[in-house]
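The chain contents come next:
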4 protein chains.
Amino acid sequence: MQLGLVGLGKMGFNMRERLRAGGHEVIGYDPRPEVTDVPSPAALTDALTAPRVVWVMVPSGSVTHDTIVALADVLSPGDLLIDGGNSRYTEDAKHQKLLGENGISFIDAGVSGGVWGLTDGYGLMVGGSADDVARAMPIFDALRPPGPRADGFVHAGPTGAGHFAKMVHNGVEYALMTAYAEGYELLSAADLITDPQAVYQAWTNGTVVRSWLQQLLAKALEEDPGFSRITGYTEDSGEGRWTVEEAIRLRVPVPSIAASLFARFLSRQDESPTMKAVAALRQQFGGHAVKRVSESG
Amino acid sequence: MQLGLVGLGKMGFNMRERLRAGGHEVIGYDPRPEVTDVPSPAALTDALTAPRVVWVMVPSGSVTHDTIVALADVLSPGDLLIDGGNSRYTEDAKHQKLLGENGISFIDAGVSGGVWGLTDGYGLMVGGSADDVARAMPIFDALRPPGPRADGFVHAGPTGAGHFAKMVHNGVEYALMTAYAEGYELLSAADLITDPQAVYQAWTNGTVVRSWLQQLLAKALEEDPGFSRITGYTEDSGEGRWTVEEAIRLRVPVPSIAASLFARFLSRQDESPTMKAVAALRQQFGGHAVKRVSESG
Amino acid sequence: MQLGLVGLGKMGFNMRERLRAGGHEVIGYDPRPEVTDVPSPAALTDALTAPRVVWVMVPSGSVTHDTIVALADVLSPGDLLIDGGNSRYTEDAKHQKLLGENGISFIDAGVSGGVWGLTDGYGLMVGGSADDVARAMPIFDALRPPGPRADGFVHAGPTGAGHFAKMVHNGVEYALMTAYAEGYELLSAADLITDPQAVYQAWTNGTVVRSWLQQLLAKALEEDPGFSRITGYTEDSGEGRWTVEEAIRLRVPVPSIAASLFARFLSRQDESPTMKAVAALRQQFGGHAVKRVSESG
Amino acid sequence: MQLGLVGLGKMGFNMRERLRAGGHEVIGYDPRPEVTDVPSPAALTDALTAPRVVWVMVPSGSVTHDTIVALADVLSPGDLLIDGGNSRYTEDAKHQKLLGENGISFIDAGVSGGVWGLTDGYGLMVGGSADDVARAMPIFDALRPPGPRADGFVHAGPTGAGHFAKMVHNGVEYALMTAYAEGYELLSAADLITDPQAVYQAWTNGTVVRSWLQQLLAKALEEDPGFSRITGYTEDSGEGRWTVEEAIRLRVPVPSIAASLFARFLSRQDESPTMKAVAALRQQFGGHAVKRVSESG
């Protein structure tokens, strides 16, 4: 089928490739001339045959919001807009309402798989009405991995459910990464272990902990043994924060996801104010030495 | 090659099957007549051609220790004993010394894969000398999954390294399970999500969080939707505790592994004394209501 | 000076007592006839001499909001309203604006001390303009403990700063309670310790951990040794949740406050869905026994 | 009464002062000539009238052990040795046995209060027989704070109970410090709060969180606003590690104590290997940027 695709960055670019390889007609728009198929959003809508399906794949937050607002003006009643970015699920009802006022349908789609999705397929979690989901199914089928549909795609519920599921997915992802990373640090710290990388390589098959992320960690260690070329500075994209906020709203204890989030915050601090306060307290009551600023490495 | 196998429980029984299917001659001993090949440990050593290789696959702790002590008496110089159970790695040097005094070699082997190892192969992490490891390699090759040896087997270091790596593996396993489980609880608590099981099924392919454990959770949810038939009571086998103890010894922060361990402790308490104290404190300073014993469900 | 006090519950009732004992004229309003001084909010404003100072001490959330909205109608330009409840600090700017449109000033005040404040004085954290704070200072001075003003009172910053400081105070309070409570559980679990209560009593003086909360825990243990009469079920009032949400917004790692919050959530669950999922996973890969619903106590 | 005191460091020196001020005859030994009363341990025992009471106040671990072994040789049957250092409680039974073989009694004493104990008195937790404890009571009474004995002293149980209680005390202390420190970081991060130090000062009186440690944090902030002169590097002395190890042995969940311990480990790392692994993983699956070593500040 025909699809308009707005946003041809790391994700959108690859998705266009995969969809075209799957036999679909994709017309992509991106402000960067070197990747775009059409010169403007208006040109995109002109190039598409109504009723149109347009997939928005741009950074979450204001960029997504502004893009949807702009498309609401140029799309027509009966068109369908799919937000495939990492929008917070609470945005979805607002966008559905905004578009619905112009007769435009809305699906929220969580897309997982990163840069590997081009070849392996993308895991998809979508929210919206059954009719809208059915209408876009050829696109979902081309994007998702081969095999049973239920193994790489889910219609998770009404509007917002797709992004909610993706948010939880990313929260879990945070905690999985921390789990493997703590194991790596333990193996690295132990004199007994000759080569932590070899252990991670050996875990890729047969073990209970085997996974795609685990394979990637083995690969990363192979490429940069001991991670000597990088720091531990780690950004967070919002999904982890939202997951913990949502857990609080729902009164769900999530100690391991929260620990993973806090570890990222900490990784970006030069000095921890919390630990300065602890060090200062120890000195106050016990006369314990503190490390002065001038002593620090 | 020929192997003696002591212990034919859930793990040992399946390993005998897999080794025989791999063309090896396995003589198994177990106190249960219905599974054993020989009537006694002495009969086992008699039945094996020296120099022997004997694999011990019995519960860790005193059972493993007593088994190794008993075998030290009936084995001969030049024989090789492999402890494939979940022994604490600190036991290995003692057992190596004990056996070494009788000229018997020792390998510690961590074996992962659970009941699925029979068909999928077992992930193996071993410690010991290069010569001893080479000698037992045909056995390791038959037990591990097909494919490159380095993807399911590692000679992790000297004596103790195999069990150390397995201990860390299990610590990571605890944290992975908690990560997926927290995600499950979040999905279950959200009204938006129509069917958490379907989301877990969809995560099995294409997503960043896909893994063998993730597939098992989807399977478990399919078999018992909402986990209505089980409680959250969860034992721990020792490996998780040892991992945190070792982390403390090595000064490695392991918040997510520790959180997973503590969650298991808590799952086995009818009432948390910690939370009783918190509830009592709230009542003291704020006059906040507590839930009396008679009110509890 | 003269003060109107709206809300004569556990906190407001005692505050009226303390203020009157401090020589102030307090006219209190509460819907409960047995405690109120005047029959209605309108009667309260009539009874006060303009420019009035009115302290609102009602449950946070909609009750506080509705009370402030109602008072905005009956108060006059030049009056000052103080919100002394546990409102979320993000509400304060809205209330300031709402009141400001009628020429009414606003102070947000965090009040700590619980039922003991009547005799010991209340710890106060306020936000607002310097002029407004100065105007209400006689009231603050009567409510706070005797001694230097800076030891029990702080003008923490502009509007919202008082409730923000109180929110953090309560987050810290959560973590302190958990700290003492974990220690209590450890002492209780140890055979060596003859009487945990006696240890907590002994910690009340001379030790590094001595505190008011610590004294209360000793007292609670004296009144109910072993906490045999209560369950661990513990409510949370919102401040702990907001603290963690705020920490996330500010990218501040708060593992111990978050752990304390999650422990409260957990204390209110009959069964943990997270641990059900963990138990189910263990059974899947290892054939480990689960505790069936019928087996649970 | 008469007391021999071995070890005149930060703690022992002050204790000698306080005991002498309390009317006791203290003969102190320390290898440093400028503080010692006698030139050698042998001279100490010579100077004391049998049956002697000797208090050992030296660093825990091998120094304490060696000191007790040496004293076992020079003391006489009927003498009493008190280990007042931060020994691990598991050492106590060994030392009791060692001394008991020479007819010497043993008490383990946990001493809290730091450098402030000289003036405020020390919180004491002791283990041993009732007779031995009664014998040393005049010393305990002089060391502990004035007021009821039960408020600053506890005979916590048999040998080991004193050090066990002190270990838990320190574990709780770790968690309390983290609680206050997290609150400090939150206040510091918030634009709304004009002066975090003023808030901590205001918390010293009337609030639920008031405590001695809280006062010390306010004092520390006054001396070094913003903690600009120190780093967060924080040692740990062993007690925190032992508390978590003991919690694991007793199957007691201690998330907040463990988080506090791990935060100290982390404070001493230049780079977190765990977070390097997380950063590397993010790059692998998502092509997310990592911070190269050369970019780090």
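Under an unreviewed UniProt entry, the name given to chain A is 6-phosphogluconate dehydrogenase-like protein, and the source organism is Mycolicibacterium thermoresistibile. Quoted verbatim from the Sequence similarities (unreviewed entry) field of UniProt, the annotation for chain A is "Belongs to the 6-phosphogluconate dehydrogenase family."

A separate point is the sheet that holds strand S7 (residues 153-157) of chain D. Residue and element names in this part refer to chain D. A sheet is described by the order of its strands in space; here 7 strands give the open sequence S2-S1-S3-S4-S5-S6-S7, paired in mixed fashion. Because the sheet does not close on itself, it has two edges, and the strands there are strand S2 (25-29) and S7. Each strand of the sheet is rotated relative to its neighbour by a mean of 25 degrees, with strand direction disregarded. One ladder, built from 4 bridges, connects strand S4 (residues 80-83) with strand S5 (residues 105-112); its direction is parallel. For Asp83, the partnering residue across the bridge sits in S5 and is Asp108.

Counting residues at the interface gives 70 residues for chain B, matched by 70 residues for chain A. Interface area for chain B against chain A, summed over the two sides, is near 5500 Å², with a carbon-plus-sulfur share of 71%. Taken as a group, Leu186, Leu192 and Val208 of chain B account for 14% of the area that chain B buries against chain A, more than any other trio of residues on that side. Our enumeration of links across chain B and chain A arrives at 2 salt bridges. Here Asp120 of chain B makes a salt bridge to Arg210 of chain A, at a shortest N to O gap of 3.5 Å. At the boundary of chain B and chain A, one finds 20 residue pairs in polar contact (both at pLDDT 80 or more). For the side of chain B that touches chain A, the secondary structure elements donating two or more residues are strand S6 (123-127), strand S7 (153-157), helix H8 (161-189), helix H9 (196-202), helix H10 (212-223), helix H11 (239-250) and helix H12 (255-267) of chain B. In terms of residues, the side of chain B that touches chain A owes the most to one element, H8 of chain B, which gives 18 residues. Residue classes in the side of chain B that touches chain A are distributed as 42 nonpolar, 20 polar and 8 charged.

Here the focus is the interface of chain D and chain B. Interfaces are frequently sized by the accessible area removed from exposure as the parts join. On the side of chain B, 21 residues touch chain D, which itself brings 20 residues to the contact. Where chain D abuts chain B, roughly 1700 Å² becomes buried across the two surfaces, and 75% of that area is made up of carbon and sulfur atoms. Of all residues in chain D, Ile248, Arg251 and Phe262 of chain D bury the most surface against chain B, accounting for 39% of the area lost on that side. Connecting chain D to chain B are 0 salt bridges. Where chain D packs against chain B, one counts 0 residue pairs in polar contact (both at pLDDT 80 or more). Put simply, the parts of the chain that give the side of chain D that touches chain B at least two residues each are helix H11 (239-249), helix H12 (255-267) and helix H13 (273-286) of chain D. No other element matches the 6 residues that H12 of chain D contributes to the side of chain D that touches chain B. Residues of the side of chain D that touches chain B, tallied by class, amount to 14 nonpolar, 2 polar and 4 charged.

In terms of residue burial, S5 of chain D counts as a mostly covered element, since 7 of its 8 residues are buried. After leaving S4 of chain D, the chain enters helix H4 (residues 90-100) of chain D and then returns to the sheet as S5 of chain D, a path that is right-handed.

A separate point is the pattern of salt bridges. Per the counting criterion, the structure on display carries 56 salt bridges over all chains. The closest approach of N and O atoms between Arg20 of chain A and Asp37 of chain A, which form a salt bridge, is 2.9 Å. Of this pair, Arg20 of chain A sits in helix H1 (residues 10-21) while Asp37 of chain A sits in the loop between strand S2 (25-29) and helix H2 (41-47), and the two are 17 residues apart along the sequence. In this structure, the salt-bridge partner of Arg52 of chain B is Asp79 of chain B, at a minimum N-O distance of 2.8 Å. Of this pair, Arg52 of chain B sits in the loop between helix H2 (41-47) and strand S3 (53-56) while Asp79 of chain B is found in the loop between helix H3 (62-74) and strand S4 (80-83), placing the two residues 27 residues apart along the sequence. Given the relative accessible area of 10%, Arg52 of chain B is considered buried.

Moving on: the sheet that holds strand S1 (residues 2-6) of chain A. Residue and element names in this part refer to chain A. Here 7 strands make up an open sheet; going across it, the order is S2-S1-S3-S4-S5-S6-S7 and the pairing mixed. Strands at the two margins of the open sheet, each flanked by one partner only, are S2 and strand S7 (153-157). Taking each pair of neighbouring strands and ignoring which way they run, the sheet shows an average axis angle of 25 degrees. Strand direction decides the pairing type here: strand S3 (residues 53-56) and strand S4 (residues 80-83), joined by 4 bridges, are parallel.

This part is about the domain arrangement of chain A. Residue and element names in this part refer to chain A. When its domains are assigned, chain A resolves into domain 1 (1-156) and domain 2 (165-266). Between the C-alpha centres of domain 1 and domain 2 the distance comes to 29 Å. The interface is formed by 13 residues belonging to domain 1 together with 13 residues belonging to domain 2. Carbon and sulfur atoms supply 59% of the area buried between domain 1 and domain 2, which totals about 1000 Å² over both sides. When the area that domain 1 buries against domain 2 is broken down by residue, the three leading residues are Arg88, Tyr89 and Trp116, summing to 50%. Counting across the domain 1 and domain 2 interface gives 1 salt bridge. Note that Glu245 is salt-bridged to Arg88, the shortest N-O span being 2.5 Å.

In this section: the nonpolar core. Phe164 and Tyr200 of chain A, Phe164 and Tyr200 of chain B, Phe164 and Tyr200 of chain C together with Tyr200 of chain D are the most contacted members of the largest nonpolar core, which totals 234 residues. Sequence-distant contacts of Phe164 of chain A, defined by excluding residues within four places in its chain, comprise Tyr89, Glu246 and Leu250 of chain A together with Leu186, Leu187, Ala190, Leu192 and Ile193 of chain B.

Parameters and conventions
- Residues numbered from 1 in each chain as written.
- Chains lettered and ligands numbered in written order.
- Predicted model: local features only at pLDDT ≥ 70, side-chain atom pairs only at ≥ 80, totals over all residues.
- Heavy atoms only, no water.
- UniProt positions renumbered as here; feature names shortened; annotations may be inferred.
- Pairing = 2+ DSSP bridges.
- Helix = DSSP H or I, 4+ residues; strand = E, 2+ residues; numbered from the N terminus.
- Axes fitted to C-alpha atoms, helices over the stretch in contact; angles between N-to-C directions.
- Contact = heavy atoms within 4.5 Å.
- Buried area = accessible area lost by both parts, 1.4 Å probe.
- Salt bridge = Lys/Arg side-chain N within 4 Å of Asp/Glu carboxyl O.
- Polar contact = N/O pair within 3.5 Å; in protein donor to acceptor, adjacent residues only side chain to side chain.
- Nonpolar A, V, L, I, M, F, W, Y, C, P; charged D, E, K, R; others polar.
- Buried < 20%, exposed > 50% of the residue type's maximum accessible area, 1.4 Å probe, protein only.
- Right-handed = clockwise from strand over helix to strand, strands pointing away.
- Domains from an automatic or database assignment.
- Core = buried A, V, L, I, M, F, W, Y, C linked by side-chain atoms within 4.5 Å.

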